[in-house]
Amino acid sequence: MSTDGLIVVDKPGGMTSHDVVARIRRLARTRRVGHGGTLDPMATGVLVIGVGRATRLLTYVIGAGKSYTATIRLGQATVTDDAEGDVIATTPAGAVTDDAIRAALAAQTGEIDQVPSAVSAIKINGQRAYKRVREGESVELPARRVTISRLDVLSVRRDTPDVVDVDVDVTCSSGTYIRAIARDAGLALGVGGHLTALRRTAVGGFALAEAATLDTLEQRAPDVVNLPLAEAADRFFPRRDATGDEAKVLAHGGPLDAVGIAGPYAVFGPDGGLIAIVSERDGRARAEIVLAPA
């Protein structure tokens, strides 16, 4: 069986995130596998997978900032805001200028209120929004505050009559929908828009450069974890090293004295093993999750 840790996977197109989890369960020979943030089937790129005790780190991975490269097609709107959905409106976009496109996208940078795509995994009264849409229901989701810290236009292409393809590079907070950026740019320009390509290039500090394909992992199985638990936590969190006595207290759920590290942070024992993820409040450092072996 694989060791506890994270795997940075380069997800191929055409698979759901759950499909990848199912494949890793088979390769790692354990059912204790999860993912740190859904990627649509059309999308490719960084999908962080947790194995064993490292699945408990995934709640932090899900909340991390993310980066993407994407292609927005102006001139067509789709029911899903991406290329997987039926086209519901077409408006010739050939007359839209490059300057207008850049301005429409620039207006979506910073801290904004974004309405998620109706075809999303967000739950409404316990049921996924996309399921309600597919059953013919009209779904309107409330706007949510997100931060788009960078939205660079890489190129504007006019290879096809009446549509304009815009390649962008985006860094944003968790919960941002790149499909919604495409939709809202199209709405602002009066021509409609949707996403035709999406590749996630980073999740937190985990980037494509270290991502493994499923074919590569297949060849390495069952040794598929490329970031063992302690190394993964050291990469992702600020670090605190505990004494032997502190390690014993923390491993049994007890608090430590605060040391002024902005949390959450990882605490390691004298042997280098990960003990817990900790946050400080009221002068004490308390475990959010204990990861030392029982």
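Note that the structure is a prediction, hence the values are computed from the model and not measured.

K.L.:
Residue-level account of the overall build of the protein, with values.
P.N.:
Within the protein, the secondary structure is distributed over 8 helices and 19 strands. Out of the 294 residues belonging to the protein, those deemed buried represent 46%. Long-range pairs, those at least 24 residues apart, make up 68% of the contacts in the protein with a sequence separation of at least 6. Summed over its atoms, the accessible surface of the protein is roughly 13,500 Å², and 49% of this surface lies on carbon and sulfur atoms.

K.L.:
Tell me what's going on with the packing of aromatic side chains, and back it up with residues and numbers.
P.N.:
Under the counting rule described, the total for this entry stands at 3 aromatic pairs. Judged by centre distance (5.7 Å) and plane angle (10°), the ring pair of Phe206 and Phe236 falls under stacked. Here Phe206, found in strand E13 (residues 206–207), pairs with Phe236, found in helix H7 (residues 229–236); they are 30 residues apart in sequence, far enough to count as distant. For Phe206, a relative accessible area of 1% corresponds to the buried category. By relative accessible area, which is 24% here, Phe236 ends up partly exposed. When the ring of Phe236 is compared with that of Phe237, the centres are 5.2 Å apart and the planes differ by 75°; the resulting orientation is edge-to-face. In textbook terms, an aromatic cluster arises when at least three aromatic residues are bridged by ring pairs, as seen for Tyr60, Phe206, Phe236 and Phe237. Across from the ring centre of Phe268, 3.9 Å away, lies the NZ or CZ of Arg239, which sits over that ring.

K.L.:
If you had to explain the sheet that holds strand E17 (residues 265–268) to someone new, which residues and values would you point to?
P.N.:
Pairing is mixed across the open sheet formed by 5 strands, whose spatial order is E15-E17-E18-E19-E16. Strands at the two margins of the open sheet, each flanked by one partner only, are strand E15 (239–241) and strand E16 (256–257). Along the sheet, helix H8 (residues 244–251) contacts E15, E16, E17, strand E18 (274–281) and strand E19 (284–290); its crossing angle with E18, the most-contacted strand, is approximately 80°.

K.L.:
Just give me the short version of the environment of Thr196, but keep the residues and values in it.
P.N.:
Here Thr196 is to be found in strand E12 (residues 193–203). C-alpha separation for the pair Thr196 and Asp82, spaced 114 residues apart in sequence, amounts to 5.9 Å. Setting aside anything within four residues of it in sequence, one finds Thr196 in contact with Met42, Thr71, Arg73 and Ala83.

K.L.:
Tell me about the UniProt feature "active site" (unreviewed entry) in the protein, and name the residues and values.
P.N.:
Using the residue numbers shown here, the UniProt feature "active site" (unreviewed entry) corresponds to Asp40. Filtering out sequence-adjacent residues up to four positions away, Asp40 remains in contact with Lys11, Met15, Asp82 and Arg179.

K.L.:
For the pattern of salt bridges, give the residues involved together with the corresponding values.
P.N.:
Applying the stated criterion across every chain yields a total of 20 salt bridges. Note that Asp152 and Arg150 form a salt bridge whose closest N and O atoms lie 3.1 Å from each other. Residue class for Arg150 comes out partly exposed when judged on its relative accessible area of 27%. The salt bridge partner of Asp234 is Arg239, with a shortest N-O separation of 3.2 Å. Among the residues examined, Arg239 registers a relative accessible area of 36% and is labelled partly exposed. Taken together, the shared-partner salt bridges connect Arg23, Arg26 and Glu218 into one network.

Reading the values: the criteria
Residues numbered from 1 in each chain as written. Predicted model: local features only at pLDDT ≥ 70, side-chain atom pairs only at ≥ 80, totals over all residues. Heavy atoms only, no water. Helix = DSSP H or I, 4+ residues; strand = E, 2+ residues; numbered from the N terminus. Buried < 20%, exposed > 50% of the residue type's maximum accessible area, 1.4 Å probe, protein only. Contact = heavy atoms within 4.5 Å. Areas by Shrake-Rupley, 256 points an atom, 1.4 Å probe, with all protein chains shown as cover. Phe/Tyr/Trp six-rings, centres within 6.5 Å; stacked < 30°, edge-to-face > 60°. Lys NZ or Arg CZ within 6 Å of the ring centre and 35° of its normal. Pairing = 2+ DSSP bridges. Axes fitted to C-alpha atoms, helices over the stretch in contact; angles between N-to-C directions. UniProt positions renumbered as here; feature names shortened; annotations may be inferred. Salt bridge = Lys/Arg side-chain N within 4 Å of Asp/Glu carboxyl O.

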